[in-house]
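Below are the chains, spelled out letter by letter.
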Amino acid sequence: ERYLPEEIINRLKKGFQVPFVQWARGKWRDRIESVFFDKNAPYLSILDSKGVNKIWEEHLSGKRNRTRQLFALLSFAICMENQKNKSVLSSELQIK
């Protein structure tokens, strides 16, 4: 309160939006596609690859803004990959 005006301190929260729309269509596109369309991706045992592809194509074409769905799918896919890698590593490190 000593450094900022009262209208800043007491205003409603505004949140922070990540520019995922631009990143998905630009500098992150190759990385996102490598995660989504890896035929051995662990998340594909749970989710339908055709559905993921449809959401991705709608987003890229600009037909629909699928930012929330894509961010959730990307997070899930990366999490599943990390869990798979941890499982493989821990089984390799077990003393027999």
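Above this text is the structure in question.
What you are looking at is a predicted structure, and each value in this text was computed from that prediction instead of being measured.

Cut-off values and rules
- Residues numbered from 1 in each chain as written.
- Predicted model: local features only at pLDDT ≥ 70, side-chain atom pairs only at ≥ 80, totals over all residues.
- Heavy atoms only, no water.
- Helix = DSSP H or I, 4+ residues; strand = E, 2+ residues; numbered from the N terminus.
- Buried < 20%, exposed > 50% of the residue type's maximum accessible area, 1.4 Å probe, protein only.
- Contact = heavy atoms within 4.5 Å.
- Areas by Shrake-Rupley, 256 points an atom, 1.4 Å probe, with all protein chains shown as cover.
- Patch = residues over 30% accessible without salt bridge, like charges linked within 9 Å, V, L, I, M, F, W, Y side chains within 5 Å.
- Salt bridge = Lys/Arg side-chain N within 4 Å of Asp/Glu carboxyl O.
- Phe/Tyr/Trp six-rings, centres within 6.5 Å; stacked < 30°, edge-to-face > 60°.
- Core = buried A, V, L, I, M, F, W, Y, C linked by side-chain atoms within 4.5 Å.

Draft legend 1. View of the overall build of the chain. Helices and strands together make up the secondary structure of the chain, namely 5 helices and 0 strands. Overall, the chain shows an N-to-C arrangement of helices and strands of α-α-α-α-α. Going through the 96 residues of the chain one by one, you find that 22% of them count as buried. Of all intrachain contacts in the chain linking residues separated by at least 6 positions in sequence, the fraction that spans at least 24 positions is 58%. With the model as given, the accessible surface of the chain reaches about 7,900 Å², and the carbon-plus-sulfur share is 54%.

Draft legend 2. Broad picture of a nonpolar patch on the surface. A surface patch of nonpolar side chains, amounting to about 410 Å² of accessible area, comprises Tyr3, Leu4, Ile8 and Ile9. By secondary structure assignment, the location of Ile8 is in helix H1 (residues 6-9). Overall, Ile8 belongs to the partly exposed group, its relative accessible area being 36%.

Draft legend 3. Region of interest: the packing of aromatic side chains. Under the criterion given, the structure shown has 6 aromatic pairs. A ring pair is formed by Phe20 and Phe71, whose centres lie 5.7 Å apart and whose planes are at 90°; its orientation type is edge-to-face. Remark: Phe71 occurs in helix H5 (residues 67-93) and Phe20 occurs in helix H2 (residues 20-25); sequence separation between them is 51 residues. Since its relative accessible area comes to 2%, Phe20 is described here as buried. Owing to a relative accessible area of 41%, Phe71 belongs among the partly exposed residues under this scheme.

Draft legend 4. Representation of the nonpolar core. Core analysis: the largest hydrophobic core is formed by 16 residues, its most contacted members being Phe20, Ile32, Phe36, Tyr43, Trp56, Leu70 and Leu74. Counting residues per element, the ones that place at least two in this core are H2, helix H3 (29-36), helix H4 (49-61) and H5. Per-element tally for this core: the top contributor is H5, with 5 residues. Beyond its immediate chain neighbours, meaning those up to four positions away, Ile32 contacts Phe20, Ala24, Trp56 and Leu74.

These values are about where atoms sit, not about what they do.
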